[in-house]
Amino acid sequence: MFEAAAETMPREKLAALQLRRLRATLRNAYENVPLHRTRMQQRGIRPADVRSLADLARLAFTQKSDLRDHYPFGMFARPREQLSRLHASSGTTGKPTVVGYTRRDLATWAGLMARSLACGGVRPGDLVHNALGYGLFTGGLGFHYGIERLGATVVPISGGSTERQVALIRDFGARALCCTPSYALVIAEVAEKEGVDLRNSSLEVGLFGAEPWSEQMRAEIEQRLGLQAIDNYGLSEILGPGVAVECPEQDGLHGWEDHFIFEVLDPDTGRPVREGQPGELVVTTLTKEALPMIRYRTRDITRVSTARCACGRTHLRLQRVTGRNDDMLIIRGVNVFPSQIEAALLGLPGIAPHYQIVVERHGPLDHLTVDVETLTAIGSAAEAKLSQSVQHHIKSLIGVTTDVRVLAPGAIPRSQGKAVRVRDLRTKAAG
Ligand SMILES: [Zn+2]
């Protein structure tokens, strides 16, 4: 463990630390961010009134739209001159959301990333191939400084030029790989095409995140790259990567409770659900200076467990996030997450692990077409037969009727970073 004392802290001590840090965070937000001060005043709460963690429920939620409404720097608790770095996420519509870090925030982040990498099985002295995108996206630089902080060697290759990535993984002898799960499969595919056997290479562990993925996808990645695939979770509004990560038990992601408070709430009522029940993840930061976040609604659906983990860490575990509320499709009254379709497709014989979902409106109804591709060219008669059987398979597993288009090998666009899984043609005019 990178910070054993913090990672194995008894839960009562953890709660006391959370309360102390929460009160400091609320003071910071109240004194320096007009939006937070106004909201607390509207509810008649001053930071000093928060005397227990249960009092958190009295505070207002923060949403992504708050960041957009106060674009670019209106949510910052420090003047711009005191920030060391900015990141931003593009979002699908409207203005980007901008996040900022003081020098101390960057040190906190690097420490949490080092802790997360170690938790996932990366060791000091390892060579780590970092294929996450560098730039305004938090993924690349977030991992970069964590890898350095851990005492490992970072190869800052970013995304793209996959042939070169394969060559460098082989030539440099990377033990760990960091990228999105969809890009991990692109690397596997290119390696196979080039005749490079990554299954028996130096690679032993991969940290994958920044997009939802399924257990079936994990099995596919582990099998094709010959490594243990570890899930990590984060979001730029809260920190970037480094919020939660799996340990080698692969049974939920440890959320770092000395730096964040995690709530799981019924998305409709805003009330907490019972432990183990699914709900929306709501996160409060405890150590951020520049951008304190109070009860941020992530829109991610998960469950938590505070049961003790075999690895010895005491921090709660989030079940892997398989979908964001915003990504949910409602097809003829049935709720569908793209990751459910992924889970249905992966492992089907003859089908490559690349897919795209097209949503259209046919009259009053939404209609799904799933594009898949074959591993090898099979001819149109066999394609038609395969299409029928995939359609039947999806219907029986998820209960929705879809069209399935079987395409030639390589026809689905490959992503260098976050994969575009859904093409929503219903909102074309607005988008
Ligand atoms: Zn564990």
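Residues numbered from 1 in each chain as written. Predicted model: local features only at pLDDT ≥ 70, side-chain atom pairs only at ≥ 80, totals over all residues. Heavy atoms only, no water.

Overview of the sheet that holds strand β17 (residues 351-362)
Line of reasoning, step 1. Strand order in the open sheet formed by four strands is β19-β18-β17-β20, and the pairing between neighbours is mixed. Unpaired on one side and paired on the other, β19 (402-407) and β20 (422-424) mark the two borders of the sheet. Shown here is a sheet whose adjacent strand axes are inclined to one another by a mean of 20°, direction ignored.
Line of reasoning, step 2. Strand direction decides the pairing type here: strand β18 (residues 365-374) and β19, joined by six bridges, are parallel. (Pairing = 2+ DSSP bridges. Helix = DSSP H or I, 4+ residues; strand = E, 2+ residues; numbered from the N terminus. Axes fitted to C-alpha atoms, helices over the stretch in contact; angles between N-to-C directions.)

Concerning the environment of L127
Line of reasoning, step 1. Note that L127 resides in strand β3 (residues 127-130).
Line of reasoning, step 2. Separated by 45 residues in sequence, L127 and F172 have C-alpha atoms that sit 7.8 Å apart.
Line of reasoning, step 3. If we skip the residues at most four places from it in the chain, L127 touches T153, V155, F172, G173, A174, R175 and A176. (Contact = heavy atoms within 4.5 Å.)

With respect to the packing of helix α7 (residues 162-172) against helix α8 (residues 181-194)
Line of reasoning, step 1. Where α7 meets α8, the axes come as close as 9 Å, and the angle between the chain directions of the two elements is 80°. In this view, α7 runs roughly perpendicular relative to α8, as classed from their interaxial angle. For the pair α7 and α8, contact is made by T162, E163, Q165, V166 and I169 and by Y183, V186, I187, V190, A191 and E194, respectively.
Line of reasoning, step 2. Tallied by class, the residues present in the contact of α7 with α8 amount to seven nonpolar, two polar and two charged. (Parallel < 35°, antiparallel > 145°, perpendicular 65-115°, else oblique. Nonpolar A, V, L, I, M, F, W, Y, C, P; charged D, E, K, R; others polar.)

Keep in mind these values describe shape, not function.
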